[in-house]
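Spelled out, the chains give:
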Amino acid sequence: MTSKIFGTDGIRGTANTYPMTAEMALRVGAAAGRYFRKDGLNGHRVVIGKDTRRSGYMLENALTAGLTSTGMNVLLLGPVPTPAVAFLTRSMRADLGIMVSASHNPHHDNGIKFFGPDGYKLDDDAEAEIESILGTNIPLAKPVDIGRAKRIEHGQGRYVEYTKTTIPRTTRLNGLKIVVDCANGAAYKAAPEVLWELGADVIPLGTSPDGYNINLGCGSTAPQMAADAVRSHGADLGICLDGDADRIVLIDEMGRITDGDQIMALFARLWSDAGTLSGGALVTTVMSNLGLERYIGALGLRLERTNVGDRHVVTRMREGGFNLGGEQSGHIVMSDYATTGDGLLAGLQFLVAMVHSGQRASTLLQSFEPVPQLLVNVKLRAGAAPLAGEAMQTLIADQEKRLTGKGRLLIRPSGTEPLIRVMAECEDEALLHDVVGTIATAVREAG
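Computed from a predicted structure; not experimentally measured.

Quick look at the pattern of salt bridges
(1) Moving on: Taken as a whole and judged by the stated rule, the model has 27 salt bridges.
(2) Moving on: Residue Asp236 is joined to Arg360 by a salt bridge in which the shortest nitrogen-to-oxygen separation is 3.7 Å. Here Asp236, found in the loop between α7 (224-233) and β10 (237-241), pairs with Arg360, found in the loop between α11 (343-357) and α12 (361-364); they are 124 residues apart in sequence, far enough to count as distant.
(3) Moving on: The exposure class assigned to Arg360 is partly exposed, which follows from its relative accessible area of 47%.
(4) Moving on: Taken together, the shared-partner salt bridges connect Asp9, Arg12, Lys113, Lys121, Asp244, Asp246 and Asp310 into one network.

Section: the side chain of Arg408
(1) Moving on: Residue position: Arg408 is located in strand β18 (residues 407-413).
(2) Moving on: One polar contact links Arg408 to Glu425, side chain to side chain, over a distance of 2.6 Å.

What to know about the nonpolar core
(1) Moving on: Among the nonpolar cores identified, the biggest contains 69 residues, and Leu195, Ile239, Phe267, Phe350 and Leu351 are the most heavily contacted of them.
(2) Moving on: Contacts of Phe267, omitting those with residues within four sequence positions, involve Leu324, Ile332, Met334, Ala346, Gln349 and Phe350.
(3) Moving on: With 32 residues, the next largest nonpolar core counts Tyr35, Val46, Ala126 and Leu134 among its residues.

Concerning the sheet that holds strand β3 (residues 45-50)
(1) Moving on: Pairing within the open sheet is mixed, and its seven strands lie in the order β1-β2-β6-β5-β3-β4-β7. Edge strands, defined here as strands with exactly one partner in the open sheet, are β1 (6-7) and β7 (149-151).
(2) Moving on: When strand β4 (residues 73-79) meets β7, the two strands line up parallel, connected through three bridges. Counted as the bridge partner of Val74 is Ala149 from β7.
(3) Moving on: Against the sheet, helix α2 (residues 55-69) makes contact with β3, β4, β5 (96-100), β6 (109-115) and β7, and its axis sits at roughly 175° relative to β3, the strand it touches most.

Digging into the pairing of β6
(1) Moving on: β6 sits mainly inside the fold: seven of its seven residues count as buried.
(2) Moving on: Of the two faces of β6, the one carrying Asp109, Gly111, Lys113 and Phe115 and the one carrying Asn110, Ile112 and Phe114 are both buried.
(3) Moving on: Inspection of the sheet shows strand β2 (residues 10-14) paired to β6 by four bridges, in the antiparallel sense. Bridge pairing in β6 links Thr14 to Asp109.

Thoughts on the packing of aromatic side chains
(1) Moving on: Taken as a whole and judged by the stated rule, the model has five aromatic pairs.
(2) Moving on: Ring geometry for Tyr295 versus Phe368: centroids 6.3 Å apart, planes at 35°, classification tilted. Residue Tyr295 is located in helix α9 (residues 290-298), and its partner Phe368 is located in the loop between α12 and β17 (373-379); the two are separated by 73 residues in the primary sequence.
(3) Moving on: With a relative accessible area of 14%, Tyr295 lands in the buried category.
(4) Moving on: The exposure class of Phe368 is buried, given its relative accessible area of 8%.
(5) Moving on: Here Lys50 stacks its cationic end above the ring of Tyr57, 3.8 Å away from the centre of that ring.
(6) Moving on: Across the ring face of Tyr120, the terminal group of Arg318 is positioned such that the distance to the ring centre comes to 3.6 Å.

Examining the sheet that holds strand β11 (residues 248-251)
(1) Moving on: Read across the open sheet, the five strands follow the order β9-β8-β10-β11-β12; overall the sheet is mixed. Each edge of the sheet is formed by a strand with only one pairing partner; in this case those strands are β9 (201-205) and β12 (257-258).
(2) Moving on: Summarising the sheet, β10 and β11 pair through four bridges and their orientation is antiparallel. Across the sheet, Leu241 pairs through a bridge with Ile248, a residue of β11.

So, the environment of Lys150
(1) Moving on: Here Lys150 shows up in strand β7.
(2) Moving on: When the C-alpha atoms of Lys150 and Leu76 are compared, they prove to be 6.0 Å apart, with 74 residues separating the residues in sequence.
(3) Moving on: With residues up to four places along the chain from it excluded, the contact list for Lys150 reads Val74, Leu75 and Leu76.

How each quantity is defined
Residues numbered from 1 in each chain as written. Predicted model: local features only at pLDDT ≥ 70, side-chain atom pairs only at ≥ 80, totals over all residues. Heavy atoms only, no water. Salt bridge = Lys/Arg side-chain N within 4 Å of Asp/Glu carboxyl O. Helix = DSSP H or I, 4+ residues; strand = E, 2+ residues; numbered from the N terminus. Buried < 20%, exposed > 50% of the residue type's maximum accessible area, 1.4 Å probe, protein only. Polar contact = N/O pair within 3.5 Å; in protein donor to acceptor, adjacent residues only side chain to side chain. Core = buried A, V, L, I, M, F, W, Y, C linked by side-chain atoms within 4.5 Å. Contact = heavy atoms within 4.5 Å. Pairing = 2+ DSSP bridges. Axes fitted to C-alpha atoms, helices over the stretch in contact; angles between N-to-C directions. Phe/Tyr/Trp six-rings, centres within 6.5 Å; stacked < 30°, edge-to-face > 60°. Lys NZ or Arg CZ within 6 Å of the ring centre and 35° of its normal.

Quick look at the structure:
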């Protein structure tokens, strides 16, 4: 191995380009199999799910070959949401769960996410050990110990049934018209089915995947189509999922788009009022709006921030015994129900709030007034490191001083794409745009 391949959320990159090649997926499968079969015993199993990208077929097969070559038995789920893989890893008593997906990225990217037997994403130490095995001559199983592969036809159905158990049995969605945009991704069957079974009048979008249209002009990263549909159909709510359905964006009855911060604010208040918010805190990342932090504080609760990535959120939740966390981007983690972000479960919890309160989505999704926030993503050339220079650090420090007492600045490399993210918050919008624009221009010229 010549470079680190694990990022903030497993392995991700352009399909058929290192490290997302069939050859590497085979070796990753073999290394993961060797890691989980340290005891040398037979009978270990792994479940594999995928989203709807064309390259998923290639990577699924390569992973299966690598895993079975080291003696792991493979259960193939087909296209299912990432949270379904986490759930089924535990439910099926598997040693390992794998999701083949690049989440919200375009179709030409793909990725590999790993879940341990407890349904949580593997920690850094486990990923590091798997990566170290990749650099060795991986021992293969004896012919008699080669693993088997079996396609599981009922995995999605089991997940669908589970999602309905997370809301009160008496709750019905009759009379609610709901637009659900599945991003032509992994939840294209499951999400509309759940909502229909609960009695909603469902208007499905993004449910015709062709291998190339995942996240293309639809889903949580492009919610305008769903917003237009909410208005044109007179719907009560729009639910937008991403390609692997672990994140959500909601749209109120007026077509206004809402991010994860407002969803978390609502859940924190409702759970606190009900006495079910563990630890009196909400866990979110450095990207969440300053307005959310002020709102949570006004409720007498704490907001705990982590680095970007739902893995970091979940780690802090487990350390502190908290049961609610997430990201502004729409990962909502409710550990009473799931071990990872689950867009469909978050949507159901919001619908329960609508039904039980009798309030419209527009009311429930306006808990706080966001502080103006601006995010600019600067694309990088291969191998560029524009933040490393002394002149750049001086420039950033000078711009940060301009925000002192007025807002905050955050600059970070993306963990999933070749980007530098430049984000600032400030109630003086002219200053906000000037600070972000100055830094983004400098990063663009240097990178």
